[in-house]
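Examination of the molecular architecture
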Amino acid sequence: SRTMLFNIHTRQWDNDLLELFDIPASILPRVVPSGALHGYSQKTAAFPFELPIAGIAGDQQAALFGQMCIEKGMLKNTYGTGCFMMLNTGHTPVISQNRLLTTIAWEIDGRVTYALEGSVFVAGAVVQWLRDGLKMIRNASEIEALAATVPDNGGVYFVPAFTGLGAPHWDAFARGAMLGLTRGSTAGHIARAALESIAFQTMDMLRAMEADAGIKVPALRVDGGATANNLLMQFQADLLNITVERPAVLETTALGAAYLAGLGIGLWQTPADIASQWQAAHRFIPNHQPAQINPLIQGWHKALQRAKNWDSA
């Protein structure tokens, strides 16, 4: 569907779009389910086995399945260079009113599960910038200890809109901004504000998804390199006021593709047969009151407005 030529409702290449762009349907591949047996690899001298080809999924769809977000209302967020969030919306597509992407999550046994998807452009990349651009740290892993040298952000907010803002804002003219600096601001405050910016952007996506789907998400399952940062994960739980669950297996994209392949060859019969394999390595429980968190949210949105539309003509 990322070709923008696929109709996610009929699950066919869209004839109107093919005609509009003068693309013959004959050159397009046959669309097949995510978890089904499609064929076998050929034997070669180097690899003398026939392996079944049975799991096909995009990056974020595979991660959603690997996190076993198989019920409507279950949500995952991948914290990498950017952030990539997906919400299972069940068997009916939800058309976003908040500038999110409506997409197919997977098809199993002829039944389609849909999702809402959102992307943040700069998440872990802000830590890389502190390391490579400002030389504040030598290794990305040092950011947590530096941020922990202060009890809070000291009124400092960091909007990492280096390449604009992604979902749900979609502002190509936004630029990075650091606000609230005083003579008392330290490297620790900047480090903490940078980490908090990742959580704030995640919050904006999650709230947009909840509004679109008309549900309140009970928990957030997380994966990706930045989830090793306990300070970030605890702040995320406090900010959202929900439990943040970090799984025992963080390579959820590969895991999801493997699970789909297992369904395809009959190793498991249904996704529910796999669900018990998902295990949380750590659960971050909110421990701050709304009276403590709400001023931080207000400060973030104030900073966000300053960064928006900065580079417009």
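Only a predicted model underlies this, so the values are computations on that prediction, with no experimental measurement involved.

Cut-off values and rules
Residues numbered from 1 in each chain as written. Predicted model: local features only at pLDDT ≥ 70, side-chain atom pairs only at ≥ 80, totals over all residues. Heavy atoms only, no water. Salt bridge = Lys/Arg side-chain N within 4 Å of Asp/Glu carboxyl O. Helix = DSSP H or I, 4+ residues; strand = E, 2+ residues; numbered from the N terminus. Buried < 20%, exposed > 50% of the residue type's maximum accessible area, 1.4 Å probe, protein only. Contact = heavy atoms within 4.5 Å. Pairing = 2+ DSSP bridges. Axes fitted to C-alpha atoms, helices over the stretch in contact; angles between N-to-C directions. Phe/Tyr/Trp six-rings, centres within 6.5 Å; stacked < 30°, edge-to-face > 60°. Lys NZ or Arg CZ within 6 Å of the ring centre and 35° of its normal.

So, on to the pattern of salt bridges. All told, the structure shown has 9 salt bridges when counted by the stated rule. The partner of Glu107 in a salt bridge is Arg11, and the shortest N-O contact between them spans 3.4 Å. Placement of the pair is Glu107 in strand 7 (residues 101–108) and Arg11 in the loop between strand 1 (6–7) and strand 2 (12–13), with a sequence separation of 96 residues. Looking at Glu107, the relative accessible area reads 18%, which means it is buried. Through salt bridges that share partners, Arg207, Glu210 and Lys216 make up one connected network.

A separate point is the environment of Met205. With respect to the secondary-structure elements, Met205 resides in helix 5 (residues 187–213). Given the relative accessible area of 0%, Met205 is considered buried. Along the backbone, Met205 and Ala57 are 148 residues apart, and their C-alpha atoms lie at a distance of 23 Å. Ignoring anything within four residues of it in the chain, the contact list for Met205 reads Asn77, Cys83, Met85, Gly118, Ser119, Val120, Ala167 and Pro168.

With that settled, consider the pairing of strand 5 (residues 75–79). Counting buried positions along strand 5 yields 5 of 5 residues, so the element is predominantly enclosed. Relative to strand 6 (residues 83–90), strand 5 runs antiparallel, the two sharing 5 bridges. Bridge pairing links Thr78 to Phe84 in strand 6. Between strand 5 and strand 6, which pair antiparallel in sequence order, lie 3 residues. As judged from the 3 bridges shared by strand 5 and strand 11 (residues 219–223), these two strands associate in the parallel manner. By the bridge assignment, Asn77 is partnered in strand 11 with Val222.

So, on to the sheet that holds strand 12 (residues 243–247). An order of 7-8-6-5-11-12-13 is seen for the 7 strands of this open sheet, with the pairing classed as mixed. The strands lining the two open edges of the sheet, one partner per strand, are strand 7 and strand 13 (280–284). For this sheet, the mean angle separating the axes of adjacent strands, direction not counted, is 30°. Pairing of strand 6 with strand 8 (residues 111–120), which is carried by 7 bridges, proceeds in the antiparallel orientation. Counted as the bridge partner of Asn88 is Ala115 from strand 8. Lying on the sheet, helix 2 (residues 59–66) is in contact with strand 5, strand 6, strand 7 and strand 8; it crosses strand 7 at an angle near 60°. Sitting on the sheet, helix 5 touches strand 5, strand 6, strand 8 and strand 11, and the angle it makes with strand 6 is about 20°.

Let's shift gears to the packing of aromatic side chains. When we look at a pair of aromatic rings, we describe it by the centre distance and by the angle of the planes. For the structure on display, the rule yields 11 aromatic pairs. Considering the side-chain rings of Trp129 and Phe162, the 5.2 Å spacing of their centres and the 50° angle between planes classify their relative orientation as tilted. Taken together, the positions of Trp129 in helix 3 (residues 124–132) and Phe162 in the loop between strand 9 (157–159) and strand 10 (177–179) put the pair 33 residues apart, joining distant regions of the chain. Phe162 sits in the partly exposed class, given a relative accessible area of 30%. Grouped by ring-pair contacts, the aromatic residues Tyr157, Phe200, Phe235 and Trp300 constitute a single cluster. Across from the ring centre of Trp278, 3.6 Å away, lies the NZ or CZ of Arg221, which sits over that ring.

Worth remembering: the numbers are spatial, not functional.
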